[in-house]
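# Fold and contact review
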Protein chains: 2
Amino acid sequence: MTLRPVLLACALCAAFAAPAPAQAQTRGLQEILADAPASAWRDLDPERTLYMDLEAGRVVIELAPAFAPAHARNIATLARGHFWDGTSIYRVQDNFVAQFGDVDGEDPEKAKDLGRAARKLPAEFEREAAGLDFHRLPDADGWAPEVGFVDGFPAGRDPHEGKAWLAHCYAMVGAGRNAEPDSSIGAELYAVIGQSPRQLDRNITLVGRVVKGIELLSSLPRGPEPMGFYEDPAQRTPIFSVRLASEVPAGERLRLQALRTDSAAFAELVEARRNRRDDFYKRPAGHIDLCNVMLPVRVAAD
Amino acid sequence: MTLRPVLLACALCAAFAAPAPAQAQTRGLQEILADAPASAWRDLDPERTLYMDLEAGRVVIELAPAFAPAHARNIATLARGHFWDGTSIYRVQDNFVAQFGDVDGEDPEKAKDLGRAARKLPAEFEREAAGLDFHRLPDADGWAPEVGFVDGFPAGRDPHEGKAWLAHCYAMVGAGRNAEPDSSIGAELYAVIGQSPRQLDRNITLVGRVVKGIELLSSLPRGPEPMGFYEDPAQRTPIFSVRLASEVPAGERLRLQALRTDSAAFAELVEARRNRRDDFYKRPAGHIDLCNVMLPVRVAAD
């Protein structure tokens, strides 16, 4: 690799890997993560972690039962029943979503058996804010009175209504529905692959987040039909299998850890990215949007 | 295509193609665009429109000389000299940028001749706000005191400093630089393919926007090296040619038109997306972020 691109990369990527000065309060991303204590990381819970295996590799999704308990439970049931094995990613719309599941889901003649999964679920657009360990960002947000993180997930909160909800940031996973609020059961899912469509917040049930492998979805060819559908089944991306990590032999699981969003290391990371202090940035923004905050995930050290 | 996906699509895509009630003030995107008078559309200026031809198709970039006159001029000179012909897209980083140009740009042994192009340009991070037809969005923005649109481009403005600048929204194109503010000449360019990295605003020179074909860049495989580089030249995406539309025979030009951002149709479109009134949305957001506003482009009717 030649000098110019490397420098350009570092320049452009100061955003993502800022070389940092010595002062502790202005350390860069890499330093902060390297120095974070073991206690700042949490193991993903195999009972709420999904492995979606594609020819290109594995996509790992962490479910959010704290916000969508009924959907998370039904998705786990569908995974145990191997519902998604042999289904496909049948829609990829640029700057919006990659959607997957049973493309024939509403065709009585062709729909896959849902097995033991529920056929009807309540909408889980929001929940009571009480009882959540909500770590608020001080930064202004146009979509919600308050934004922050709950156990690794970006969220909004309305202190007056006493409600909280997951936010449609990049890599978030939601349950497709029809016009009726309670028409999703978690069998048809989508992952956000573009500019955060926050207008969907509190309008659809978000069920979790892609914590590894989002690039396998975001780099898929966009569907040629309206709204990114592939009419030709051959263009769809086959899903080999979707499994709960807990259903996979322990030795075959990915030992992933997520940086705790209630840790001092995370707070320092957010500030380091709110005000970039490296040589590239001439004017630190003094602001960060909820959906611009990185949520680091790593493979556990042995 | 079966019923379920179509409905799901419409649901998820209400954001993008909302079926609208009858009242004029709550018409959907398709209706608004279909009814927009010819005067609401502007032809792209062939003197500031670039065609980047890849094996997968054509990417069309509109330059913004109002904000980056020196860079736009140099880019036009480089295109006239066929500088990018045979270069490549040598970096694609997920949720960030696709970067292209001469990967050997800083290697004296291998760098391509810049021809008549300038070797040094001033930084064009911002300009005087005076003299710009700035159409402000009323919506709050965390990155800039004011945001809106100038002749089709998303922009920020500081009324106290009297400055305006282009904003790093999806599909915006910028000039990669090194640590020095004036180290870009427009030969190495990047397009935003993820969540808007607004922290780069006023820190780097934005030169224009991809108005057609961004999906050809956003769907490229992500580079395996740090920051999305492809160390293996075989993995890079060849650029066949980059031409000014004015250098292409009139009969071979794409007759593209952009919806005028100073038109009543655009204002109606923004409001229709700020407050979705279709059957899908149960809670209109009452807000829209600068980078969530669609900037419609169409092929001129004969």
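Residues numbered from 1 in each chain as written. Chains lettered and ligands numbered in written order. Predicted model: local features only at pLDDT ≥ 70, side-chain atom pairs only at ≥ 80, totals over all residues. Heavy atoms only, no water.

As recorded in an unreviewed UniProt entry, chain A goes by peptidylprolyl isomerase and comes from Pseudoxanthomonas taiwanensis J19.

## Comments concerning the UniProt feature "domain: PPIase cyclophilin-type" (unreviewed entry) in chain A
This is how the line gets drawn: UniProt positions are given in the numbering used here, feature names are shortened, and annotations may be inferred rather than shown by experiment. The way it works is that DSSP assigns letters per residue, a run of H or I at least four long becomes a helix, a run of E at least two long becomes a strand, and they are numbered from the N terminus.
Taking the UniProt record as the reference, the feature "domain: PPIase cyclophilin-type" (unreviewed entry) is found at residues 55–244 of chain A. A helix fraction of 9% and a strand fraction of 32% characterise residues 55–244 of chain A, whose end C-alpha atoms lie 18 Å from each other.

## Quick word on the environment of leucine 50 of chain A
Residues and elements named next belong to chain A. Which entries qualify depends on this criterion: The buried label goes to any residue with under 20% of its type's maximum accessible area, the exposed label to any with over 50%, and the partly exposed label to all in between, with areas taken from a 1.4 Å probe on protein chains only. Residues count as neighbours in contact if any of their non-hydrogen atoms are within 4.5 Å of one another.
In this fold, leucine 50 is placed in strand 2 (residues 49–54). Leucine 50 gets classed as buried once you look at its relative accessible area, which sits at 2%. Counting along the chain gives 41 residues from leucine 50 to arginine 91, while the straight-line C-alpha distance between them is 20 Å. Apart from the residues within four sequence positions on either side, leucine 50 is in contact with Val59, Val60, Ile61, Leu63, Ile75, Ala79, Val242, Arg243 and Leu244.

## Regarding the pairing of strand 13 (residues 205–212) of chain B
All names here are of chain B. To be explicit about the condition: Strands are labelled as partners when DSSP assigns at least two bridges between them.
Along strand 13, 7 of the 8 residues are buried, which leaves the element largely enclosed by surrounding structure. Here strand 3 (residues 57–63) pairs with strand 13 via 4 bridges, running antiparallel. Looking across to strand 13, one finds that valine 60 is bridged to lysine 212.

## Observations concerning the pattern of salt bridges
Think of it this way: side chains of opposite charge can pair up when their charged atoms draw near. Residue and element names in this part refer to chain B. Selection criterion: Salt-bridge detection follows one rule: a side-chain nitrogen of Lys or Arg within 4 Å of a carboxyl oxygen of Asp or Glu.
Summed over all chains, the structure comprises 50 salt bridges over all chains. Of the charged contacts, one joins glutamate 62 and arginine 42 as a salt bridge, the two residues approaching to 2.7 Å between their closest N and O atoms. One end of the pair, glutamate 62, is in strand 3; the other, arginine 42, is in strand 1 (residues 41–43), with 20 residues separating them in the sequence. Both residues of the pair, glutamate 62 and arginine 42, count as buried.

## Some points on the sheet that holds strand 4 (residues 88–92) of chain A
Residue and element names in this part refer to chain A. What counts, and what does not: Throughout, an axis means a line fitted to C-alpha atoms (over the contacting stretch in the case of helices), and angles, computed between N-to-C directions, take values from 0 to 180 degrees.
Judged by pairing direction, the barrel is antiparallel, and its 8 strands sit side by side in the order 2-3-13-11-12-5-4-14 before closing back on the first. Taken pair by pair, the neighbouring strands of this sheet meet at an average axis angle of 35°, ignoring direction. Of the pairings in the sheet, the one linking strand 2 to strand 3 (residues 57–63) comprises 6 bridges and is antiparallel in character. Within strand 3, the residue paired with leucine 54 across the bridge is glycine 57. Each of strand 2, strand 3, strand 11 (172–175), strand 12 (189–192), strand 13 (206–212) and strand 14 (237–244) is contacted by helix 3 (residues 69–80), which is oriented at about 110° to strand 14, the strand it contacts most.

## A few points about helix 5 (residues 264–274) of chain A
Within the span of helix 5 of chain A, buried status applies to Ala265, Phe266, Leu269, Val270, Ala272, Arg273 and Arg274 of chain A. At its buried positions, helix 5 of chain A is contacted by helix 2 (29–35), strand 8 (146–150) and strand 15 (256–259) of chain A.

## Brief notes about the pairing of strand 4 of chain A
All names here are of chain A. For strand 4, the tally of buried residues reaches 5 of 5 residues, placing the bulk of the element in the interior. As paired strands, strand 4 and strand 5 (residues 97–101) are joined by 4 bridges and run antiparallel to one another. By the bridge assignment for strand 5, isoleucine 89 is matched with phenylalanine 100. In this antiparallel pair of consecutive strands, strand 4 and strand 5, the connection spans 4 residues, and asparagine 95 shows a positive phi of 60°. With 2 bridges connecting them, strand 4 and strand 14 associate as antiparallel partners. Paired with isoleucine 89 across the two strands is threonine 237, which belongs to strand 14.

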